Amino acid sequence: MNTPKDPIIEPLNPADYLTLAMDEEIRQENMPGSLCGFVLVLDSLPDIARLTPRITEFTGQFPLALASLQQQGDRFYWCKRAQTLPIFFTHDCPDPEQTEAFQQATLLHLLNQHLPRETIAPIEFHLITGKDTALFLLRWIHPFCDAKGADLILKYLCTEDKAQREQFDRPKSKALITVQLAKYKWWEKIKLFIKAKRYITRLDRYHSIQHARLDLKPKQLNYVTHTFTAEQSKRIAQQARAHTGLGGTSLYYIGCLMRALHTLAPEQPGAAYCVPYAFNLRKQNAQAPLLGNHIGTLFAQAPKTLLTNRQALFAHLQQQTKETIRQQLDYAFLPVMWAASWLSLKKYGPELRFSHNDGSERSSVWFSDIGLAEFAERSFLGADVIGLRHLCQISSPPGIALLVCQYRQQLTLSYNFIEPLFDEAWIKQLHLLMLQELLNETN
Amino acid sequence: MKQKLRHFIFEELIFVADSTRFSDDDDLLAAGLNSISIMRLVMFIETEFNITLPDAEITVENLQTFNKLGRWIKGHQT
């Protein structure tokens with residue numbers, strides 16, 4: 001749609017186009033676009049009297065929260081709406097005995113809602129009540145912020161001191177992709193661009209393995225979440241350190257996932273697993289920038305022949321990442337993302353994500369290691385956080401994502417999948433294999 | 001050497017409100033040095049100081065503080 005012409009607040013940053021192009025692709029599949037969800041499972045209701053004004057204050061400090069995402073000419077902008085939308089909703093469980101079913105159904109309904117891009121609020125807060133638990137859902141469209149930004153928004157809501165809340169998003173900076181690119185001379189940017197193209201060509205030597213039932217039409221997003229005990233999480237961290245070293249925790253999860261997928265369907269066509277993973281351009285612990293996407297991309301790729309040998313697979317993934325960082329191939333993707341932000345949304349995916357050899361999706365699975373959730377040390381406005389869930393709409397293929405997060409020394413895995421391309425039984429089988437892999441109990 | 005390390009870590013990897021208050025014995029891992037940033041740091045050290053650091057030595061003991069990093073690097077300089 002190109003008709004609305006509301007006043008511009010600010011343009012999208014180049015990294016936001018990656019998620020916007022994904023939004024468009026998902027919509028083309030008759031799905032709701034790039035909706036994401038960060039869910040806190042609470043042991044009771046949070047203090048609404050404190051939460052409501054804090055959300056209002058948030059929209060005052062960050063007016064983009066009420067903006068409309070619109071196309072004007074060839075570019076996209078956050079625009080001011082003529083009328084303010086409500087963004088905080090409560091969903092009361094009608095029957096306390098049906099709490100779990102109600103909460104699950106409400107969550108899935110909210111993440112599967114089809115709404116036009118221009119009319120949807122970029123972020124919404126939903127409180128879903130129940131007998132012994134409540135869910136607090138932060139739902140946003142991916143161009144609005146990345147996972148770290150969502151974590152920071154929750155941290156903002158949990159921060160009691162107003163002066164400290166005002167420090168969020170300080171110091172104000174430009175989009176970090178722009179800041180990083182500004183460090184290079186123009187010829188260095190071109191060199192990086194060429195490097196990235198070569199990197200992509202190398203990745204495309206292998207046809208990526210996909211597991212989705214591509215003969216079926218996507219219908220809805222579903223998810224399965226598993227939280228490890230503190231003891232199990234500690235054992236997994238020890239295994240990760242032993243297999244991929246201090247610098248390779250994400251690689252350990254990715255390697256385990258590749259092996260679990262392979263064990264589940266060893267005859268699946270394709271020559272290699274290819275797993276992209278975003279890395280944060282923010283400095284660790286920085287509270288800025290809050291909004292927008294500030295990520296670069298890396299790829300972990302392993303040919304089928306390596307998957308049966310655990311040690312060899314992890315050594316390969318570790319060496320691959322080291323080489324990628326040594327050759328600056330991680331930053332090489334940034335000029336490509338910047339250049340691609342000038343493409344139409346239709347061309348963006350094929351240029352950046354699809355294999356140049358066969359035109360299919362390069363990624364076998366989406367993966368995100370959110371890391372340590374920082375939002376609350378103890379509670380969420382008076383309610384104890386007893387669990388986390390992460391959801392994200394995904395393009396099909398691959399139609400499956402694994403989102404990893406740690407909170408209070410506990411590791412959480414959220415499998416997101418598009419039905420009927422995948423079903424819950426298949427994901428549960430995958431998860432059982434993943435447990436064995438993570439805990440190194442495969443023999 | 002420590003100045004170069006401090007500059008790289010605080011400019012590129014970790015946000016601290018006041019880096020002058022971060023001592024050479026303060027915990028870098030607790031301050032947020034994570035997976036990818038550790039890889040970046042090792043690559044920076046190898047390039048900047050023209051040394052090769054064995055993977056097996058990328059441990060908490062060698063990375064935890066500026067002082068430990070300094071000793072690790074010196075151990076590989078001829």
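Quick notes on the rules
Residues numbered from 1 in each chain as written. Chains lettered and ligands numbered in written order. Predicted model: local features only at pLDDT ≥ 70, side-chain atom pairs only at ≥ 80, totals over all residues. Helix = DSSP H or I, 4+ residues; strand = E, 2+ residues; numbered from the N terminus. Rg over C-alpha atoms; globule rule 2.2 N^0.38 Å. Buried ≥ 20, exposed ≤ 12 C-beta atoms within 10 Å, placed from the backbone. Contact = placed C-beta atoms within 7 Å. Pairing = 2+ DSSP bridges. Axes fitted to C-alpha atoms, helices over the stretch in contact; angles between N-to-C directions. Parallel < 35°, antiparallel > 145°, perpendicular 65-115°, else oblique. Nonpolar A, V, L, I, M, F, W, Y, C, P; charged D, E, K, R; others polar. Core = buried A, V, L, I, M, F, W, Y, C linked by C-beta atoms within 7 Å. pLDDT = per-residue confidence, 0-100. Expected span 1.5 Å × (residues − 1). Arc of directions from axis to C-beta.

## Here's the deal with the overall build of chain A
Along the backbone of chain A there are 13 helices and 15 strands. Computed over its C-alpha atoms, the radius of gyration of chain A comes to 21 Å, within 12% of the 22 Å expected for a compact globule of 443 residues. Over its C-alpha atoms, taken along the principal directions, chain A stretches across nearly 55 × 55 × 45 Å. Looking at chain A as a whole, 48% of its 443 residues qualify as buried. Considering only contacts in chain A between residues 6 or more positions apart, those separated by 24 or more positions represent 78%.

## Observations concerning the sheet that holds strand β6 (residues 123-128) of chain A
Residues and elements named next belong to chain A. Pairing in this open sheet of 6 strands is mixed, and the strands run β5-β6-β7-β2-β13-β12 from one edge to the other. What marks the edges here is a single partner per strand, and that holds for β5 (88-91) and β12 (379-380). Pairing geometry for β6 and strand β7 (residues 134-141), over 6 bridges, is antiparallel. Paired with E124 across the two strands is R139, which belongs to β7. The strands touched by helix α4 (residues 147-158) are β2 (35-42), β7 and β12; relative to β7, the strand with the most contacts, the crossing angle is about 130°.

## Considerations on the packing of helix α8 (residues 230-244) of chain A against helix α9 (residues 249-264) of chain A
All names here are of chain A. Taken N-terminus to C-terminus, the directions of α8 and α9 make an angle of 95°; their axes are 9 Å apart at the nearest point. By the angle between their axes, α8 is roughly perpendicular relative to α9. Where α8 abuts α9, its residues Q239, A240, H243 and T244 lie against T249, L251 and Y252. Its residues assigned to classes, the contact of α8 with α9 comprises 3 nonpolar, 4 polar and no charged.

## Examining the sheet that holds strand β3 (residues 68-72) of chain A
The strands making up a sheet are joined through hydrogen bonds of the backbone, oriented either antiparallel or parallel. Residue and element names in this part refer to chain A. The strand order across the open sheet built from 3 strands is β1-β4-β3, with neighbouring strands paired in antiparallel fashion. Looking at strand neighbours, the two that pair on one side only are β1 (8-11) and β3, the edges of this open sheet. Ignoring which end each strand starts from, the neighbouring axes of this sheet average 40° apart.

## Quick look at the environment of L35 of chain A
Residues and elements named next belong to chain A. Its location among the elements puts L35 in strand β2. Using a count of 24 C-beta atoms within 10 Å as the deciding quantity, one classes L35 as buried. In this structure, the C-alpha to C-alpha distance between L35 and L45, residues 10 residues apart in sequence, is 25 Å.

## Considering the interface of chain A and chain B
Of the residues lining the interface, 16 residues belong to chain A; the matching set on chain B comes to 20 residues. Taken together, the elements giving at least two residues each to the side of chain A that touches chain B come down to α9 and α10 (310-326) of chain A. Top contributing element to the side of chain A that touches chain B by residue count: α10 of chain A, with 4 residues. Tallied by class, residues from the side of chain A that touches chain B come to 4 nonpolar, 9 polar and 3 charged.

## With respect to the nonpolar core
Residue and element names in this part refer to chain A. L138, I254, L257, V275, A401 and L402 are the most contacted members of the largest nonpolar core, which has 145 residues in total. Broken down by element, the residue count for this core peaks at 9 residues, all from α9. In contact with A401, other than residues within four places in its own chain, are V365, W366, F367, C392, I394 and N416.

## With respect to the pairing of strand β14 (residues 400-407) of chain A
Residue and element names in this part refer to chain A. For β14, the buried fraction is high: 7 of the 8 residues fall into the buried class. In terms of strand pairing, strand β11 (residues 366-372) meets β14 through 6 bridges, oriented parallel. Note that in β14 the partner of L372 across the bridge is Q406. The pairing of β14 with strand β15 (residues 410-419) spans 8 bridges and is classified as antiparallel. Of the residues in β15, the one forming a bridge with V404 is L413. Connecting β14 to the next strand, β15, in antiparallel fashion are 2 residues, including R408 with a positive phi near 45°.

## Looking at the confidence of the model for chain B
Residues and elements named next belong to chain B. Chain-level pLDDT for chain B is 91 on average; 100% of the residues reach the 70-or-more range. When mean pLDDT is compared element by element in chain B, helix α4 (residues 66-76) scores highest at 95, while helix α2 (residues 35-49) scores lowest at 89. Listed scores for the predicted complex are pTM 0.93 and ipTM 0.85.

## Details of the pairing of β5 of chain A
By the bridge criterion, 4 bridges tie β5 of chain A to β6 of chain A in an arrangement that is parallel. For F89 of chain A, the partnering residue across the bridge sits in β6 of chain A and is H126 of chain A.

## With respect to helix α7 (residues 186-203) of chain A
All names here are of chain A. Over its 18 residues, α7 extends 26 Å from the first C-alpha to the last, a length consistent with the 26 Å expected when each residue adds 1.5 Å. What α7 keeps buried is the set L192, A196 and I200. Taken down its axis, α7 places every buried residue within 80° of arc, on the same side. In α7, those exposed residues whose orientation departs by more than 90 degrees from the buried face are W187, I190, I194, T201 and R202.

## What about unusual backbone geometry?
Residue P171 of chain A is reached from R170 of chain A by a cis peptide bond, and omega for that bond is -5°. Checked against the element boundaries, P171 of chain A lands in the loop between α5 (162-165) and α6 (176-181). For the peptide bond that leads from S396 of chain A to P397 of chain A, omega is -5°, which places it in the cis range. Secondary-structure assignment places P397 of chain A in the loop between β13 (383-392) and β14. In the Ramachandran plot, D169 of chain A falls in the positive-phi region, its phi being about 70° despite a non-glycine side chain. As for its position among the elements, D169 of chain A is in the loop between α5 and α6. Positive phi outside glycine occurs at N50 of chain B, with the angle close to 55°.

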